Amino acid sequence: MWLKPEEILLKNAFKLWVTEKDNEYFVLQRRRGYGEGGGGLTGLLVGTLDTVLDSTSKVAPFRILHHTPDSQIYWSIACGVTKEEIFQHWEWLQQNIMRTLTVFDSSEDVTSFVQGKIRGLIAEEGKSSLVLEDDPEKFREALLSYWKGKVPCQGWLYLSTNFLCFYSYFLGSEVKLVISWDEIWRLEKTSNVILTESIHVLAQGEDHYFSMLLHLRANAQRPSADHKERIRSSCQDQDGSQCHVIIPMREVVNVEKPVSGSRALVVCVRGKKALRFSEVRDYQRLANSIRSRCGISASPLHSASSEAIRGECQSLLNHFEDNPEDVTLMVGQKDNAKAVSTEALMTVFHPQDMENLEPKMLKEKMKEQSWNIHFAEYGRGTSMFFTKKTRDLIVRGVPEALRGELWMLFSGAVNDMATHPGYYTELVEQSLGTSTLATDEIERDLHRSLPEHPAFQSDTGISALRRVLTAYAYRNPKIGYCQAMNILTSVLLLYAKEEEAFWLLVAVCERMLPDYFNRRIIGALVDQAVFEDLIRENLPQLVEHMTDLSFFSSVSLSWFLTLFISVLPIESAVNVVDCFFYDGIKAILQLGLAVLDYNMDALISCHDDAEAVTILNRFFDSVTNKDSPLPPTVQQALVGANDKASNFGVDISELIREAYDKYGHLRSEDVESSRKRNKLYVIQTLEDTTKQNVIRVVMQEVRFTASQLDELYYVFKRQHFLSCYWTMKSPALLHHDPSLAYLEQYQLGFHQFSTLFSLLEPWAFCPVKSTLSLWVFRLIDANQDGLVNFKEFCCALDTLYGGSFTNKLKFLFKLHLPPAYTGSPLHAQKQRMPHVSLSEDSPHMNRHAAFELPEDGVIRKSPERGRGKVDLQAYLKQWQNEILKKEETIKDLPRINQAQFIQFSKTLYNIFHGDPEEESLYHAVAHVTSLLLRMEEVGRKLQEPRSPEAASKAAPSSAEGTPAEDTTMSPDSTDTSSSQSGQDPAGSEHLEVEVEWSFSFEQVIASLLNEPAIVRFFERPVDIHLKLGQAKAAQLKLKMQK
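Residues numbered from 1 in each chain as written. Predicted model: local features only at pLDDT ≥ 70, side-chain atom pairs only at ≥ 80, totals over all residues. Heavy atoms only, no water.

## Description of the pattern of salt bridges
- According to the stated counting rule, one finds 31 salt bridges in the structure shown.
- The residue E687 makes a salt bridge to R520 at a minimum N-O spacing of 3.3 Å. Of this pair, E687 sits in helix 27 (residues 668-699) while R520 sits in the loop between helix 17 (498-512) and helix 18 (522-538), and the two are 167 residues apart along the sequence.
- When its relative accessible area of 11% is taken as the criterion, E687 is described as buried.
- Since its relative accessible area comes to 33%, R520 is described here as partly exposed. (Salt bridge = Lys/Arg side-chain N within 4 Å of Asp/Glu carboxyl O. Helix = DSSP H or I, 4+ residues; strand = E, 2+ residues; numbered from the N terminus. Buried < 20%, exposed > 50% of the residue type's maximum accessible area, 1.4 Å probe, protein only.)

Take a look at the structure:
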């Protein structure tokens, strides 16, 4: 890089620097300890010193100095990390500066010109860097020690978007470490007797420890983006307890600083309200951030002027002031279609009788009165403060009439619905009548959703459930529909209107329970790992008795997926849902710990897992809600089913209160930190399971060992990730579908396949490498979807590495038949030429490949994924054909025509290029070619006495199996010959002879078997381990060079 010219002193500098190049005005120097030679003891000391220095004092290993012949002053103008970089600067100076300097008369003018030119270059680089560098924290570094064995290595840790790297140089010993983020299983902060504070990195089964970090916490966690839709602030309540308030960005009108010099901030919201926050750290940055985000988060539907928006909002706020009960309803809600239900199902099937004076109803009214007092004191709706009193009211249970409103508020769904008016209605209209795999699963599960509840024994509840689930599957095809979504949505529909239930489902699936509802339920598995950690910390007695905690993972899966709805009676489960919407996943973890603690003695005394499951099921059946106003027809508690359970019933409110009292110390921040720590391990465990399944399936088809397949899977998966990162529109990324089988998870398009195949091919396909890669790609792409999976890739390599001589030749032979080789119009012209040089390359093939393959390789024929109907019959038919497919014999191969045989001969020449026996192999191919041509000539002479009718019938059969592109020449040649038959019968006969060229595979292999040099070449073993090692080293370099 170019440097701002600075004067330096060279009195003792030549002991630390070695001059590589110099001229009249410039000197290129290398620092001792770098590059060739190393510089002896001085070089070792200099290299060590440069490594352990602080980053602000580190010196680049190469530099360029400017000087004049009659001056002893030197100016540093450039530096470089690599020799290539500094040589580029040196060449630029030679080509652009040296000639100009000869016209100056004085040294001062030369120096002034050089300094001005360098400053101009720096200014130009600064402009481009401002455009490209949008995130200055994409690359970080830290000084630390890396423990390699029992010896620490002082060096630098570098963190980038894709890699964790370490470099150390100490007294000639160099340590380099490069770890891709997708290879890391664990990344956590640890401590032991030797290292009081360190970071533990587990990657590919190896443990790495880093200590003496300057910013350990910052390095141990990768930064995450903040939520841009709401402001969350903590403050002190009147009684000294913590409280917080959430302000949607759409409600913010302005942010002001009341008094200069103070650290206070005033946030003005709609409705002529203002919130003052004092002692705000970095308040100026916060104010600017809020202002910018308010502009970004404005609804795209509201494109009118700010005055019109404020006038419309003011009219809505006036309406809310007159009708406080409508505060939490959707702002700007339009008249929905008649198909959309506008009432909560509980209101329809269990309307409350306000004149009922039963004890349960009186308690329900007391709860409502307590909430009304809370609203009057702390506000209602989005401006409400969340205090300790709020949590106490939640633990006691939310009143039936307020449950839907508070769920919408706590989850943030009220904000989503207000900013998307009419969105749900449009989704319902668009999704009606669609038929996908998701809709089929929804229909199958509709009548399994709370079947005991009257609301879902009627068409009203079933239709509403169908519309919500189908609309969400249409909105988010990546999730679509997963089991447990129907149970959760059923409960949401009981207490919320249909559109509100939809937005609650959006909040749960996309924010509150991320990655829960997909094919691999990664989010649930991560929270199970968090739950196991909490069991070890809080229930040591249980851990001592049950060392294997995987039992609790399998048992608690339904707890997390359904929020205890599937294991608790409905009247008790809704209280758990109340806590979940208020506290998030922390409430579920607390309740899970309380359940295990309550049954501690029974679980310790059980003898097997089945007995433990029975104990927990019996406990859940005994949980009741004594304050529930629901009638017995709605409640699902098994009162008469188990007499023992009814004797020691547990009230859900007491259980929740106990969970908060004993485990309320859990913080959401700690839970999120534990989630991040365990997510790496969970994902890598799933990936490892996928890899083992793939290898087990592929091993049945190939001769590679398990270790070889493991290495092949690594480079194949790495190529997939490289293509996804460097090519955002790669077919592998655009067509990635997590719902596919594990064998189809990682696939390569043509360009990615070509790069990887060039690294692993056993022979030197030198001159026409891309063309042959294209033919191989077409051949192994069995379903012609433009993507190659791991099994197809391994089967091709297995043939080339471990196949017999016959199988290898058959593979090469099929490369020159459809669908691999399709020819081009230029082939037809070359076929009419009487003399063709077999040693020439075919540059037209590359042009043809680029012309025929838009985007990435092939025209895709697979059914489109996504919202369209999945053709299950086609998949079943394809599966049946694969089962019934018989082993292909050499007799099943079609004959190869003239153009295909010429290209086949060229391919053999290209394969043999660079081989030690190249000359003898070339002679062997020439001999085989001439022999086959003589055989064909003899065959034609034997058939000359045939009648013209027989000859015309034999012509098409000789080209059997050729593609349409290659056979188009036949009718042209025939027409040409017939039109010229009266003028040049001999020429017409010659053209017909050229068209009739064709050879069978038996003829080709029989001729090749007579050449010992060719047989030795194809039977020569190739070390795949060596190829894999070279591929791993060159894989990333090739991608970066592109």
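## A few points about the packing of helix 10 (residues 388-396) against helix 21 (residues 570-583)
- Their axes nearest at 8 Å, the elements helix 10 and helix 21 cross at an angle of 155°. Judged by the inter-axis angle, helix 10 sits roughly antiparallel to helix 21. Of helix 21, the residues touching helix 10 (which contributes T390, R391, I394 and R396) are N575, D578, C579 and Y582. (Axes fitted to C-alpha atoms, helices over the stretch in contact; angles between N-to-C directions. Parallel < 35°, antiparallel > 145°, perpendicular 65-115°, else oblique. Contact = heavy atoms within 4.5 Å.)

## A look at the packing of helix 16 (residues 485-495) against helix 17
- For the pair helix 16 and helix 17, interaxial distance at closest approach is 9 Å and the crossing angle is 135°. Taken together, the axes of helix 16 and helix 17 lie oblique to each other. Note on packing geometry: the crossing formed by helix 16 with helix 17 is right-handed. Contacts between helix 16 and helix 17 pair M485, L488, T489, L492 and L493 from the former with E498, A501, L504, L505, V508 and C509 from the latter.
- A per-class count over the contact of helix 16 with helix 17 returns nine nonpolar, one polar and one charged. (Left-handed = near helix turned anticlockwise from the far one by under 90°. Nonpolar A, V, L, I, M, F, W, Y, C, P; charged D, E, K, R; others polar.)

## Overview of the nonpolar core
- Within the largest apolar cluster, 123 residues are counted, with the highest numbers of intra-cluster contacts made by F410, M485, F517, W559, F581 and L596.
- Residues V715, L759, W775 and I1014 belong to the second largest nonpolar core, which totals 69 residues. (Core = buried A, V, L, I, M, F, W, Y, C linked by side-chain atoms within 4.5 Å.)

## Considerations on the pairing of strand 4 (residues 62-66)
- For strand 4, a buried count of five out of five residues is recorded, marking the element as mostly surrounded by other parts of the structure.
- Alternating residues of strand 4 divide into F62, I64 and H66 and R63 and L65, and every residue in both groups is buried.
- Relative to strand 4, strand 3 (residues 26-31) runs antiparallel, the two sharing five bridges. Note on strand 4: the bridge partner recorded for Q29 is R63. (Pairing = 2+ DSSP bridges.)

## Some remarks on helix 18
- The end-to-end C-alpha distance of helix 18 is 24 Å, a good match for the 24 Å that 17 residues give at a rise of 1.5 Å each.
- A large share of helix 18 lies buried, amounting to 13 of its 17 residues. (Expected span 1.5 Å × (residues − 1).)

## What about the side chain of E188?
- Its location among the elements puts E188 in strand 10 (residues 184-190).
- Among residues more than four places away in sequence, those in contact with E188 are S198, I199, H200 and R677.

## Digging into the confidence of the model for the protein chain
- In the predicted model, the protein chain carries a mean pLDDT of 75, and 69% of its residues have values of at least 70.
- Considering only residues more than four positions removed or in separate chains, one finds that residues 637-647, a stretch of pLDDT under 50, has seven contacts.
- Under a pLDDT of 50 for its full length, residues 824-870 has, in the predicted model, 88 contacts with residues more than four places off or in other chains. (pLDDT = per-residue confidence, 0-100.)

## Describing the environment of F26
- Looking at the secondary structure, you find F26 in strand 3.
- Setting aside its immediate chain neighbours within four residues, F26 contacts I64, L65, H66, H67, I77, W90, L93, I97, M98, L101 and V114.

## Quick notes on the packing of aromatic side chains
- Counted under the stated rule, the structure contains 46 aromatic pairs.
- Judged by centre distance (5.1 Å) and plane angle (65°), the ring pair of F813 and F1001 falls under edge-to-face. Of the two residues, F813 sits in helix 33 (residues 805-814) while F1001 sits in helix 43 (residues 1001-1008), which places them 188 residues apart along the sequence.
- For F1001, a relative accessible area of 1% gives the class buried.
- With a centroid separation of 5.3 Å and 90° between ring planes, the pair formed by F1017 and F1018 is classed as edge-to-face. (Phe/Tyr/Trp six-rings, centres within 6.5 Å; stacked < 30°, edge-to-face > 60°.)

## Notes on the sheet that holds strand 17 (residues 273-277)
- Spatial strand order, 15-16-17: three strands in an open sheet with antiparallel pairing. At either margin of the open sheet sits one strand with a lone partner, and together these are strand 15 (252-256) and strand 17. Between one strand axis and the next, the sheet turns through 20° on average, direction left out of account.
- One ladder, built from four bridges, connects strand 15 with strand 16 (residues 265-269); its direction is antiparallel. In the strand pairing of strand 16, N254 is matched with C268.

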